[in-house]
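Here's the letter readout for the chains.
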Amino acid sequence: MNLYPQYSNYTEVYSKNNLLTDKTVMAHGCYLTDEELIKFKNNGSSISHCPNSNISLCSGHLDVRNVMKHKVKLGLGTDIAGGYSISMLDAVRKAIETSKILFMEREKRNKGNKATHNYQEQLKIQTELDDKNETENNEKNVLSTQEAFRLATLGGSEALNIDHITGNFEMNKEFDALLVNLETEDKASELFSHTSKQDMIQKFIYLGKF
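Residues numbered from 1 in each chain as written. Predicted model: local features only at pLDDT ≥ 70, side-chain atom pairs only at ≥ 80, totals over all residues. Heavy atoms only, no water.

Draft legend 1. Structural context of the overall build of the protein chain. From N to C terminus, the protein chain includes 10 helices and three strands. Scored against the burial criterion, the 210 residues of the protein chain give a buried share of 35%. Long-range contacts, defined here as pairs at least 24 residues apart, represent 61% of the contacts in the protein chain between residues at least 6 apart. Element-wise, carbon and sulfur atoms account for 54% of the exposed surface of the protein chain, whose accessible area totals about 13,900 Å². (Helix = DSSP H or I, 4+ residues; strand = E, 2+ residues; numbered from the N terminus. Buried < 20%, exposed > 50% of the residue type's maximum accessible area, 1.4 Å probe, protein only. Contact = heavy atoms within 4.5 Å. Areas by Shrake-Rupley, 256 points an atom, 1.4 Å probe, with all protein chains shown as cover.)

Below, the structure written as structure tokens:
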């Protein structure tokens, strides 16, 4: 922001120059503040989460959970200018890994704060309640395979404003899908009679190729 001291943040540069619209898709967005995410939401702008590139360049981690909380349109990108794979499956995997890294970092900070904090009784009670709530909501803090898969499909369509055309299997939408056979001779994992469809999708996400 040294180049543009008249603006309060990076997003404002685009917004005040009419470049932050419902046609805008910004890559990465790792360091967007809550204030900026609100502006993204109000302007209908989107974010393309490129976790492979972010990790490869050590440029940061996008807190997908916070973006989703602000109801900002979000899809996945591969960005081979900074990353090394054009595979959307890789983007799904890296998005989940990034979410887990952020969760572990938060856990580490929380434990560090507890170790050094002067435990007053009232604060101790509140901390125990927070711990209980956080334990119960662990699955909500870490991006699930279903949520990451949605970012790769309907999320991308929403980010590009074509979700009324494609992105899922709703009636009257264009059919855009992959036919995946998990029973090929060179299959990466075994399927059993009791394997659920959800587990099949998870196996494909982590072990499949395209």
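Draft legend 2. Summary view of the environment of tyrosine 14. For tyrosine 14, the position within the fold is in helix 1 (residues 10–15). A relative accessible area of 23% means that tyrosine 14 is categorised as partly exposed. On a C-alpha basis, the gap between tyrosine 14 and threonine 24 in space is 9.8 Å, while along the polypeptide they are 10 residues apart.

Draft legend 3. Here's a closer look at the sheet that holds strand 2 (residues 46–49). Taken together, the three strands give an open sheet; going across it, the order is 1-2-3, and neighbouring strands pair in parallel fashion. Two strands in the sheet have a free side with no partner beyond their single neighbour: strand 1 (25–27) and strand 3 (73–76). Taking the axes of each pair of neighbouring strands and ignoring which way they run, one obtains an average angle of 30° across the sheet. Of the pairings in the sheet, the one linking strand 1 to strand 2 comprises three bridges and is parallel in character. Considered in strand 2, the bridge of methionine 26 is made with isoleucine 47. (Pairing = 2+ DSSP bridges. Axes fitted to C-alpha atoms, helices over the stretch in contact; angles between N-to-C directions.)

Draft legend 4. Geometry of the nonpolar core. Counting residues in each nonpolar core, the largest one holds 23 residues, and the members touching the most others are Phe40, Ile47, Leu62, Val67 and Leu74. Residue assignment for this core shows that the elements contributing at least two residues are helix 2 (34–43), helix 4 (64–69), strand 3, helix 5 (88–116), helix 8 (145–152) and helix 10 (197–207). Element by element, the count of residues in this core is highest for helix 5, at five residues. Setting aside anything within four residues of it in sequence, one finds phenylalanine 40 in contact with Thr11, Leu20, Met26, Leu32, Ser45, Ser46, Ile47 and Val72. (Core = buried A, V, L, I, M, F, W, Y, C linked by side-chain atoms within 4.5 Å.)

Draft legend 5. A look at the packing of helix 8 against helix 10. One way to put it is that helix 8 packs onto helix 10 with a least axis distance of 11 Å and a crossing angle of 65°. Handedness of the helix 8/helix 10 crossing: left-handed. Seen from helix 8, the contacting residues are Thr145, Gln146 and Phe149; seen from helix 10, they are Gln198, Gln202, Ile205 and Tyr206. A per-class count over the contact of helix 8 with helix 10 returns three nonpolar, four polar and no charged. (Left-handed = near helix turned anticlockwise from the far one by under 90°. Nonpolar A, V, L, I, M, F, W, Y, C, P; charged D, E, K, R; others polar.)

Draft legend 6. Layout of the packing of aromatic side chains. For the structure shown, the criterion picks out three aromatic pairs. With 6.2 Å between their ring centres and 55° between their planes, tyrosine 4 and tyrosine 7 make a pair best called tilted. Judged by relative accessible area, tyrosine 4 falls into the partly exposed class, the value being 42%. Ring plane angle 25° and centroid distance 5.9 Å describe the contact between phenylalanine 169 and phenylalanine 175, whose orientation is recorded as stacked. This pair shows no difference in class: phenylalanine 169 is exposed, exactly as phenylalanine 175 is. (Phe/Tyr/Trp six-rings, centres within 6.5 Å; stacked < 30°, edge-to-face > 60°.)

Keep in mind these values describe shape, not function.
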